[in-house]
Structure formats: C-alpha cells, structure tokens
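# Understanding the architecture of this molecule
Here is how the chains run, residue by residue.
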Amino acid sequence: MKTEVLKSIKETEAKSKSTITAAESAAEQTLANAKLEADNLIAKAVTIAEDYKKQRLLDARNVSTAKHAAIVTQGKADADNLINAGSKKLPQATSLFVERFKEKLHVSA
C-alpha cells in the first residue's frame, strides 16, 4: 500500500512538473508573441506617423506654392498697372522736366 501511495505521489509530482513546464513554456510563448505584436504595432504606428508627416508637408508645400503664385500674379498686375499709369503721365512728366530745365537755364544766364 505504501508503495502504491509513493508511486501515486511520484506520478502526481511528475504530472505537476510537466504541467508547470508546459505552463512556463506557454507563458514564454505568450510573452514572445506579445512582444512581437507590440513591435509590429510600433512599426505600424511609426509608418502611419511618417505617412501623415509626409502628407502634411505636401499639403503645406501645395498651399505655399499656391500663395506664392497668387503673390507673384498680384505683383505682376500691380507692376503692369504702375507701368500703364506711368506711361500715361510720361508726356506730362517730360514736358514738366523740359520746362524746369529751361527755367534753370534762364535763371543762371
């Protein structure tokens, strides 16, 4: 009877050890899987963040380009208006310049 009880205890200990070993192995595997999944999530988040950053930079560049084009167009229009306004007043300015020049010549003579 004692031997049977001892055998039973030994068998139970062996089963317990194998169960503990299996549980530890499963825990290690679960931890490894969790670490792998965490690494994958981090890599995915980094990729998403990089894509977002690239898109935001592209959007900002497009807005900047559009503003630049609008400023250049407005500047050219303003320059053309000034040239046209100046061209219209050119005969008057020339006449005034000649008149003043003649006055200076007569004053000093």
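Now for a look at the structure at hand. (Residues numbered from 1 in each chain as written. Predicted model: local features only at pLDDT ≥ 70, side-chain atom pairs only at ≥ 80, totals over all residues. Heavy atoms only, no water.)

This brings us to the overall build of the protein chain. Scanning the protein chain for helices and strands turns up one helix and zero strands. In terms of overall size, the protein chain is more extended than a compact globule, its C-alpha atoms giving a radius of gyration of 45 Å where 109 residues would be expected to give roughly 13 Å. Projected onto the principal axes, the alpha-carbon positions of the protein chain cover approximately 150 × 25 × 10 Å. Looking at the protein chain residue by residue over its 109 residues, the buried ones come to 0%. As displayed, the protein chain offers around 10100 Å² of accessible surface, 63% of which is attributable to carbon and sulfur atoms. (Helix = DSSP H or I, 4+ residues; strand = E, 2+ residues; numbered from the N terminus. Rg over C-alpha atoms; globule rule 2.2 N^0.38 Å. Buried < 20%, exposed > 50% of the residue type's maximum accessible area, 1.4 Å probe, protein only. Areas by Shrake-Rupley, 256 points an atom, 1.4 Å probe, with all protein chains shown as cover.)

Applying the stated criterion to the full structure yields one salt bridge. Linking K53 and E50 is a salt bridge whose minimum nitrogen-to-oxygen distance equals 3.8 Å. Within this pair, K53 and its partner E50 are both found in helix 1 (residues 2-108), separated by three residues, close to a single helical turn. (Salt bridge = Lys/Arg side-chain N within 4 Å of Asp/Glu carboxyl O.)

Moving on, we get to a nonpolar patch on the surface. Taken together, the side chains of M1, V5, L6 and I9 make up a nonpolar region of the molecular surface, amounting to roughly 430 Å² of accessible area. When you line up the elements, I9 lands in helix 1. (Patch = residues over 30% accessible without salt bridge, like charges linked within 9 Å, V, L, I, M, F, W, Y side chains within 5 Å.)

No statement about biological role is implied by the geometric values presented.
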